[in-house]
Amino acid sequence: MHYGADYNPEQWPEEIWPEDVARMREAGVTMVSLGIFSWARIQPSEHEFDFGWLDRVIGLLHDGGIAVDLATATASPPPWATVAYPEMLAADERGTSYWHGSRQHYAPSSPAYRKLAGALVTQIAERYARHPAVVLWHVNNEYGCHLDIDYSDAARDAFRRWLLARYGTVDALNEAWGTMFWSQRYGSFAEVFPPRHAPYSHNPGQLLDYRRFTSDMLLECYRMERDIIRAAGAAQPITTNFMGAFKPVNYAQWAAELDVISDDLYPDPDDPEGFREGAFHGDLMRSLKPGTPWLLMEQASSAVNWRPSNAPKAPGQLAAQSMQAVARGADGILFFQWRQSRAGSEKFHSGMLPHAGTQIRTWREVVALGRELGDLPGLPPDDGTARVAILLDWENWWAIENPDHPTSLDYLSLVRGWYDAAHRLHVQVDLVRPTADLSRYRAVVAPHLYLLTREAAANLTAFVEAGGHLLVTAFSDVVDESDRFRAGGFGTQLRDLLGIAVEDFGALVAPGSSGPGQQQARVSGGGFAFPGILLAEEVHAVGAEVLAAFDGGRQAGRPALTAHSSGAGTAYYLGTVPDDDGTGQVLRHLFGAAQVEPVLPGLPPLVEAIRRGRLLTVINHGSESVHVEVQGRDVLGGAVVQGVTLQQFGYALVLTGD
Ligand code: GLA
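Residues numbered from 1 in each chain as written. Predicted model: local features only at pLDDT ≥ 70, side-chain atom pairs only at ≥ 80, totals over all residues. Heavy atoms only, no water.

Student: What am I meant to see in the packing of aromatic side chains here?
Tutor: To describe a pair of aromatic rings, one takes the distance between the centres and the angle between the planes. On inspection of all chains with the given rule, the structure shows 30 aromatic pairs. Taking the centre distance of 5.9 Å and the plane angle of 80° together, the rings of Tyr3 and Phe335 count as edge-to-face. Of this pair, Tyr3 sits in strand β1 (residues 2-7) while Phe335 sits in strand β9 (residues 330-335); the two residues are 332 residues apart in sequence, bridging distant segments of the chain. A centroid spacing of 5.0 Å and a plane angle of 85° characterise the contact between Phe485 and Phe490, whose relative ring orientation is edge-to-face. Here the aromatic cluster, defined as three or more aromatic residues joined through ring pairs, consists of Tyr143, Tyr222, Phe242, Phe246, Tyr251, Trp254, Trp394, Trp397 and Tyr411. The lysine or arginine in question, Arg160, covers the ring of Phe193, its NZ or CZ lying 4.7 Å from the ring centre. We note Arg339 situated over the ring of Trp12; from NZ or CZ to the ring centre the distance is 5.2 Å. (Phe/Tyr/Trp six-rings, centres within 6.5 Å; stacked < 30°, edge-to-face > 60°. Helix = DSSP H or I, 4+ residues; strand = E, 2+ residues; numbered from the N terminus. Lys NZ or Arg CZ within 6 Å of the ring centre and 35° of its normal.)

Structure (structure tokens):
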């Protein structure tokens, strides 16, 4: 179990470093991420490299028994680089350049950036590939962070090449984007630009491809660095830090390129439901590389600096949130950052070693957590506990959030609605892409698969026919991979499976607004009673059984929730977006039909129970003390457990099935 943090020794005089190492040992630190923002220190000018300081600090860490996750330092090019090569700066939608003075200001597709980054990584990798302290490589940092989309000239040129590789001919591109609309037809790839500032809506196929291109450019950067590290003879695993479900980067596609998945996680300590974000991150990270432990690469020991108001963590919250990750398969708990900065925009961000010193609660909790993690035995990876999958698809995310739709949908928050409801029911879920192997799941929830490929539809159909229970929700199966309608109306791929036809999407005005067009949608019947928001679709049952109907509003009396048997399984369709309670009602029905059990029965909503193989973790995030019936052996100390009483942020890690 790794324990540690980003370590930025270049921010401190060298005399402090031995004290750092001593304090790290006191805190139980086993590994630090070194050099993430050290480019300017390692390479003070284009033809000058200074590794003496890095040699010394790695040596000190190694002598202190602390391993190094060595970063490639490429996330923040120094000012000399962008002064010499201004073409490597990213640009906004109007083509206006970003400037240095912050971080992540580079254009990922810029040849100048890649050349400089490549040269830097070559030097670092060749120097440290065989250093015994280095146990992991940390490529760049949070790819895509701060700069969702780059519209620079470098991106323009790369986009044209990317389109040529994807479409081969400009005719194929015109066909895919439907450019006969609004006289957008291209005569050559050289006429295509990034979707820069325009008077009105951009072509949706272009917007979707620009998202794909953006993720691909960052992936090219990652691959370039990884390949340089490998070519230098490094045998250590290689990672880059993800950020939960992050729209610009298709992590489901990237996962295969990383040896180890790592995640950065910053739930708001003030949000009583914030722990569900930690749960969601952890379940996603585990699902990205099944059966492989992952790392919580960054979290805060207490407050961050970047919200309008930055609450400190409450007593005990740090350990409880760390155990959420361990419970979900993390084999490392690390922080941003080791020593709180004295200068710079993150000086108010907490560190493991606080600016206020070691006589404060944060330090005591950091030390206690390090001790506890250090005492943990080797834990089994998850062996495939979840019997439920929720589908999360980046390409669908990009397409469904294109403009000019019946209503604006926030895909991630809708997926989170289903995830959070399952979490409240204490059912363990994986988060997987629609083309994943679904054979071990009993129930699959497919929220709003607006963009549905033939391959995904075939996968979902096979899942149901083999006996699975599938729930598809409104505004699904609408377009193909180019964001075009398919011939033959809506629902062309899943119509037979679902036994329904969708005639209209029935947009509702946003909740809380008033005025003309205000429509209410309520779902009732069959034991269901909840409001529907955003959409109340006009659905016709064509073979499906109607479980609940709309009562009131313009779809009054029409199907809202349907079920249709196909092969050995059942496919459900919900033609609206339920509120939280309604989401729970629908899931309870689905899980009942699919015979899915909670991890533990009868837990209150603010208590969670997670399985990682034989390890059962129970955490109380609520303020009321709870007693939980759980039997086994305490992982820490081996005592027999016959039920546990947990105060707020209390947890138990129990080995079951002896
Ligand atoms: C991100 C970055 C870190 C730091 C933290 C602050 O996770 O990777 O460098 O800026 O945010 O929360």
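Student: Sorry, what's going on with the nonpolar core here?
Tutor: What tends to happen in soluble globular proteins is that the nonpolar side chains get buried as a cluster. Ranked by internal contacts, the top residues of the largest apolar core, which has 179 residues, are Trp137 and Trp338. Not counting residues up to four positions away in its chain, the partners in contact with Trp137 are Asp69, Leu70, Ile124, Ala125, Tyr128, Ala129, Ile229, Ala234, Gln236, Pro237, Ile238 and Thr239. Among the nonpolar cores identified, the runner-up in size contains 18 residues, and Ile149, Leu163, Tyr210 and Phe213 belong to it. (Core = buried A, V, L, I, M, F, W, Y, C linked by side-chain atoms within 4.5 Å. Buried < 20%, exposed > 50% of the residue type's maximum accessible area, 1.4 Å probe, protein only. Contact = heavy atoms within 4.5 Å.)

Student: What am I meant to see in the pattern of salt bridges here?
Tutor: Pairs can form between side chains of opposite charge once their charged atoms are near each other. Applying the stated criterion across every chain yields a total of 34 salt bridges. With a closest N to O distance of 2.6 Å, Asp331 and Arg612 form a salt bridge. One end of the pair, Asp331, is in strand β9; the other, Arg612, is in strand β22 (residues 607-612), and 281 residues separate them in sequence. Looking at Asp331, the relative accessible area reads 24%, which means it is partly exposed. Overall, the relative accessible area of 0% leaves Arg612 in the buried class. Residues participating in the shared-partner salt-bridge network are Asp283, Arg286, Arg328, Asp382, Asp430, Arg440 and Glu608. (Salt bridge = Lys/Arg side-chain N within 4 Å of Asp/Glu carboxyl O.)

Student: Looking at this structure, I do not really get the domain arrangement of the protein. What am I missing?
Tutor: How big an interface is tends to be reported as the loss of accessible area on association of its parts. On domain assignment, one finds that the protein holds domain 1 (2-375), domain 2 (388-594) and domain 3 (607-655). Computed over C-alpha atoms, the centres of domain 1 and domain 3 are 34 Å apart. With 18 residues of domain 1 at the contact, the number on the domain 3 side is eleven residues. Note on domain 1 versus domain 3: buried area summed over both sides is about 1300 Å², and carbon and sulfur give 65% of it. Of all residues in domain 1, Phe275, Ala327 and Glu372 bury the most surface against domain 3, accounting for 35% of the area lost on that side. Inspection of the region where domain 1 meets domain 3 yields two salt bridges. (Domains from an automatic or database assignment. Buried area = accessible area lost by both parts, 1.4 Å probe.)

Student: So what exactly am I meant to see when it comes to the sheet that holds β1 here?
Tutor: Within a sheet, adjacent strands bond to each other through the backbone by hydrogen bonds, running parallel or antiparallel. Taking strand neighbours across the sheet as the criterion, the nine strands line up as β5-β4-β3-β2-β1-β9-β8-β7-β6 in an open arrangement whose pairing is parallel. Because the sheet does not close on itself, it has two edges, and the strands there are β5 (238-239) and β6 (241-242). Summarising the sheet, β1 and strand β2 (residues 31-34) pair through four bridges and their orientation is parallel. Within β2, the position partnered with Tyr7 by the bridge is Leu34. Helix-sheet contacts for helix α11 (residues 317-327) involve β8 (294-298) and β9, and the interaxial angle to β9 is about 145°. Packed onto the sheet, helix α12 (residues 361-375) meets β1 and β9 and runs at close to 135° relative to β1. (Pairing = 2+ DSSP bridges. Axes fitted to C-alpha atoms, helices over the stretch in contact; angles between N-to-C directions.)

Student: Explanation requested: the layout of surface pockets in the structure shown.
Tutor: Empty space left among the atoms is revealed by rolling a probe the size of a water molecule over them. When its volume is computed, the largest pocket comes out at roughly 1300 Å³. Along the walls of the largest pocket sit 49 residues, with Phe37, Arg103, His146, Phe336 and Glu346 positioned nearest its centre. Broken down by class, the residue content of the lining of the largest pocket amounts to 17 nonpolar, 19 polar and 13 charged. Residue-level mapping places the lining of the largest pocket at the junction of two domains, with at least three residues from each of domain 1 (2-375) and domain 2 (388-594). There is about 490 Å³ of room inside the second largest pocket. The wall of the second largest pocket is formed by 26 residues, among which Pro204, Asp404, His405, Tyr450 and Asp483 lie closest to the centre. (1 Å grid on protein atoms, 1.4 Å probe; cavity = no way out; pocket = protein on both sides within 12 Å on 5 of 7 lines; lining within 4 Å. Points joined across faces, edges and corners; volume = space filled by probe spheres on them. Nonpolar A, V, L, I, M, F, W, Y, C, P; charged D, E, K, R; others polar.)

Student: Help me understand the packing of helix α6 (residues 153-167) against helix α8 (residues 204-231) in this model?
Tutor: Working note: a packed helix pair is described by the angle between its axes plus the distance between those axes. Interhelical geometry of α6 versus α8 gives an angle of 105° and a closest axis separation of 10 Å. Compared by their axis directions, α6 and α8 come out roughly perpendicular. Contact residues: α6 offers Ala155, Ala158, Phe159, Trp162, Leu163, Arg166 and Tyr167, while α8 offers Gln206, Asp209, Tyr210, Arg212, Phe213, Asp216 and Met217. By residue class, the composition of the contact of α6 with α8 is nine nonpolar, one polar and four charged. (Parallel < 35°, antiparallel > 145°, perpendicular 65-115°, else oblique.)

Student: When you look at the site of the ligand in this model, what are you seeing that I'm missing?
Tutor: In the vicinity of the ligand, the contacting residues are Phe37, Arg103, Asn141, Glu142, Asp264, Tyr266, Glu298, Trp306, Phe336, Glu346 and His349. His349 is positioned such that a nitrogen or oxygen atom in its side chain is 2.7 Å from an oxygen atom of the ligand. A total of 310 Å² of accessible area belongs to the ligand in isolation, and the protein chains cover 96% of it. Structurally, the ligand is housed in the largest pocket. A breakdown of the residues in the shell around the ligand according to their chemical character gives four nonpolar, two polar and five charged. (Near = heavy atom within 4 Å. Polar contact = N/O pair within 3.5 Å; in protein donor to acceptor, adjacent residues only side chain to side chain. Areas by Shrake-Rupley, 256 points an atom, 1.4 Å probe, with all protein chains shown as cover. Sits in = over half its atoms within 2 Å of the grid points.)

Student: I tried to follow helix α14 (residues 411-424) on my own but got confused; where do I start?
Tutor: Since the α-helix packs 3.6 residues into each turn, any two residues three or four apart lie on the same face. Between its first and last C-alpha, α14 extends 20 Å over 14 residues, near the 20 Å set by a 1.5 Å rise per residue. Along α14, ten of the 14 residues are buried, which leaves the element largely enclosed by surrounding structure. Among all positions in α14, only Tyr411, Leu414, Val415, Arg416, Trp418, Tyr419, Asp420, Ala421, Ala422 and His423 are buried. Looking at the residues trailing α14, positive phi occurs at His426, about 65°. (Expected span 1.5 Å × (residues − 1).)

Student: I tried to follow the environment of Phe51 on my own but got confused; where do I start?
Tutor: With respect to the helices and strands, Phe51 occurs in the loop between α2 (39-42) and α3 (52-63). When the C-alpha atoms of Phe51 and Leu163 are compared, they prove to be 41 Å apart, with 112 residues separating the residues in sequence. Phe51 has contacts with Ile42, Gln123, Ile124, Arg127 and Tyr128, leaving out every residue within four places of it along the chain.

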